[in-house]
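Each chain, letter by letter, is given below.
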Amino acid sequence: MNQLLSVRDLKVHFPTAHGGTVHAVDGVSFDIRRGRTLGIVGESGSGKTTTALAVMRLAPITGGEIDLDGTPISRIEGEELRRTRPRFQMVFQDPFSSLNPRDRVGRIIRQPMDLLGLGEPSGRDARVEELLAQVGLRPELKSLYPHQFSGGQRQRIGLARALATRPDLIVFDEPVSALDVAVQAQVLNLIRRLQRETGLTYLFISHDLGVVRHVCDEIAVMYLGQIVEKAPAAQIFAAPRHPYTQALIAAAPSLAPEHRRRGGGARLQGDPPSPVNLPKGCRFASRCPLAVEGCRRRMPTLRELAPGQAVACHLA
Ligand code: SF4
């Protein structure tokens, strides 16, 4: 099977204290082929991180299906989920808060192998050294504590820990947004090199279009819990079709001016509507410079406009 991850009509809804429902993720579908990277972008509150957490089974799934290489990971529980965990791992945004400050780095990287019983215990320390070398750190650094490393090195340690279980899929949640620009490039190059060497599949969450452009094969743009545009990365930047994608590209400081111009110059105004009281029609209508009356009455569905490019807009 060419697809490694298949997500269908995923929903993550939370009840509010006042009897309402937050539609954090509201009917999201996508596939990722083996050895490829799908980026999910959007403003904060778009549902991109909740989608990543749901794929990791770290957020409660209220609807839909997630299939990892034939295993329905949205439906399995208990021991079956524990046995499947090594196959999908996550790298978090803030490497410092995701590493236990009281543990030496060697123990942090070894822990998933100990918890999940992977490999012979006698071989795990050698594997830790191998993983450190794989992410560009000297093996003897395993006896140091996280605070003795720089931000970029700590993200390398997070990556080594994720690789420890030999996963098929790594989910990255804003993995370089806490790093300065020069270090970002080094970590992104490492992430790409590891994919080339090992054939890993990535789901990559970021608010930074300059970053996703660097690492992703395909991009899904989320707005208020839904995907509004999905296309190969080059196509999204060369010819964005949804007004929200155009506005994001026009406003992205990390993109070259020629890309920003292709965004059409539209600027994002105002805030998204509440995810509790959702509008009936297009969720972007209150901020869309092209909105017409019909947009407020009917919700657009995601339609394929060109091979691989799907857009949810009545006027696209
Ligand atoms: Fe704008 Fe209408 Fe398209 Fe929504 S459907 S993005 S409001 S033009």
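In this report, the structure presented in the accompanying data block is examined.

Cut-offs and rules
Residues numbered from 1 in each chain as written. Predicted model: local features only at pLDDT ≥ 70, side-chain atom pairs only at ≥ 80, totals over all residues. Heavy atoms only, no water. Near = heavy atom within 4 Å. Nonpolar A, V, L, I, M, F, W, Y, C, P; charged D, E, K, R; others polar. Salt bridge = Lys/Arg side-chain N within 4 Å of Asp/Glu carboxyl O. Helix = DSSP H or I, 4+ residues; strand = E, 2+ residues; numbered from the N terminus. Buried < 20%, exposed > 50% of the residue type's maximum accessible area, 1.4 Å probe, protein only. Core = buried A, V, L, I, M, F, W, Y, C linked by side-chain atoms within 4.5 Å. Contact = heavy atoms within 4.5 Å. Pairing = 2+ DSSP bridges. Axes fitted to C-alpha atoms, helices over the stretch in contact; angles between N-to-C directions.

**Some words on the site of the ligand**
Then, number 1: Looking at the ligand, the residues that line it are H242, P243, C282, F284, A285, C288, A291, C295, P300, C313, H314 and L315.
Then, number 2: Tallied by class, residues from the shell around the ligand come to 10 nonpolar, 2 polar and no charged.

**Regarding the pattern of salt bridges**
Pairing between side chains of opposite charge can happen when the charged atoms of each approach one another.
Then, number 1: Under the counting rule described, the total for this entry stands at 20 salt bridges.
Then, number 2: Across the pair E77 and R57 runs a salt bridge, and its minimum N-O distance is 2.9 Å. Here E77 is found in the loop between β4 (63-68) and α2 (78-84), whereas its partner R57 is found in the loop between α1 (48-55) and β4, with 20 residues between them in sequence.
Then, number 3: Residue class for R57 comes out buried when judged on its relative accessible area of 17%.
Then, number 4: Here D125 ties to R110 by a salt bridge, and the two come within 3.1 Å at their closest N and O atoms. You can see D125 sitting in helix α4 (residues 124-134) and its partner R110 sitting in helix α3 (residues 105-116), a full 15 residues away along the chain.

**Digging into the nonpolar core**
Then, number 1: Membership of the largest hydrophobic core comes to 56 residues, with the highest contact counts inside it found for L159, I170, F204, L209 and I219.
Then, number 2: Beyond its immediate stretch of four places on either side in the chain, F204 contacts T37, L38, G39, I40, F172, P175, L188, I191, V211, V212, V215 and C216.
Then, number 3: Core analysis: the second largest hydrophobic core is formed by 30 residues, V25, F30, I73 and F88 among them.

**A few points about the sheet that holds strand β3 (residues 37-41)**
Then, number 1: Pairing is mixed in the open sheet, where 8 strands are placed in the order β5-β6-β7-β3-β8-β9-β11-β10. Each edge of the open sheet is held by one strand with a lone partner, namely β5 (88-91) and β10 (303-306). Ignoring strand direction, the axes of neighbouring strands in this sheet form an average angle of 25°.
Then, number 2: With 2 bridges connecting them, strand β9 (residues 226-232) and strand β11 (residues 309-311) associate as antiparallel partners.

Shape descriptors only; they carry no functional weight alone.
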